[in-house]
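# Residue-level structure breakdown
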Amino acid sequence: MFNRKEDDFGNERVFSWRRIKTLIIGSAVVFVAGLVIVNLFTYVQYGGTMFDRYFEKKEKKSPMAGKLAFDKGTKYYIGIIRGEGHTSKRGNVYYIEQAGGNMIDVSKENVEVREPEKIDK
């Protein structure tokens, strides 16, 4: 009734083909599952995956890029517009480079856009 020889794994070699195959398949499954989990987390948290740079289309350059940004309320100079975007906090924003090189995002409602003045010599 009980055949000890068929169920005995004690005399199997350490590096048998079955153990190596199980190890390789298990490692591949864990690797793929980890990749899926990491990409799912980055997609939920940051809105993109690690493969977006290979599959995403290039963003169009903003028509406002290179123009000057001024505060609507005070008319003070903020900086040079480098692009446009959307954030969850502020909505539609301009990405502005300030005089020191710092990049900030400012809501479009608070920005007055002006053409840079051209100096004729």
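In this report, the structure presented in the accompanying data block is examined.

Rules used throughout
- Residues numbered from 1 in each chain as written.
- Predicted model: local features only at pLDDT ≥ 70, side-chain atom pairs only at ≥ 80, totals over all residues.
- Heavy atoms only, no water.
- Helix = DSSP H or I, 4+ residues; strand = E, 2+ residues; numbered from the N terminus.
- Buried < 20%, exposed > 50% of the residue type's maximum accessible area, 1.4 Å probe, protein only.
- Contact = heavy atoms within 4.5 Å.
- Expected span 1.5 Å × (residues − 1).
- Salt bridge = Lys/Arg side-chain N within 4 Å of Asp/Glu carboxyl O.
- Pairing = 2+ DSSP bridges.
- Axes fitted to C-alpha atoms, helices over the stretch in contact; angles between N-to-C directions.

It is worth spelling out the overall build of the chain at this point. For the chain, the helix and strand inventory stands at 3 helices and 5 strands. Secondary structure of the chain in N-to-C order comes out as α-α-α-β-β-β-β-β. Counting across all 121 residues of the chain, residues that qualify as buried make up 17%. Sequence separation of 24 or more characterises 24% of the internal contacts of the chain that already satisfy a separation of 6 or more.

An ideal rise of 1.5 Å per residue puts 44 Å on 30 residues; helix H2 (residues 17-46) measures up with 43 Å between its terminal C-alpha atoms. In the stretch just after H2, Gly47 is the one whose phi turns positive, near 85°.

Moving on, we get to the pattern of salt bridges. Per the stated rule, a full pass over the model turns up 6 salt bridges. Here Lys67 ties to Glu115 by a salt bridge, and the two come within 2.9 Å at their closest N and O atoms. Taken together, the residues span a long stretch of sequence, with Lys67 in the loop between helix H3 (52-55) and strand S1 (68-71) and Glu115 in the segment after strand S5 (111-114) at a distance of 48 residues. Look at Lys67 and you get buried, because its relative accessible area is 18%. As a salt-bridge pair, Glu97 and Arg82 come within 2.7 Å of each other at their nearest N and O atoms. Here Glu97, found in strand S3 (residues 91-97), pairs with Arg82, found in strand S2 (residues 77-87); they are 15 residues apart in sequence, far enough to count as distant. Arg82 sits in the partly exposed class, given a relative accessible area of 44%. In the salt-bridge network here, residues are joined through shared partners; they are Lys75, Glu112 and Arg114.

Glancing now at the side chain of Asn39. If you trace the backbone, Asn39 turns up in helix H2. The residues touching Asn39, leaving out its near neighbours within four places in the chain, are Thr49, Met50 and Phe51.

With antiparallel pairing, 5 strands are arranged side by side in an open sheet as S4-S3-S2-S1-S5. Two strands lie at the open edges of the sheet, namely strand S4 (103-107) and S5, each paired on one side alone. Within the sheet, the average angular offset between the axes of one strand and its neighbour, ignoring direction, is 50°.

Further remarks concern the pairing of S1. Bridge analysis of S1 against S2 gives 3 bridges, and the strand direction is antiparallel. Looking at S2, one finds that Ala69 is bridged to Gly79. Linking S1 back to S2 in an antiparallel pair, the connection comprises 5 residues, with Lys75 at a positive phi of about 65°.

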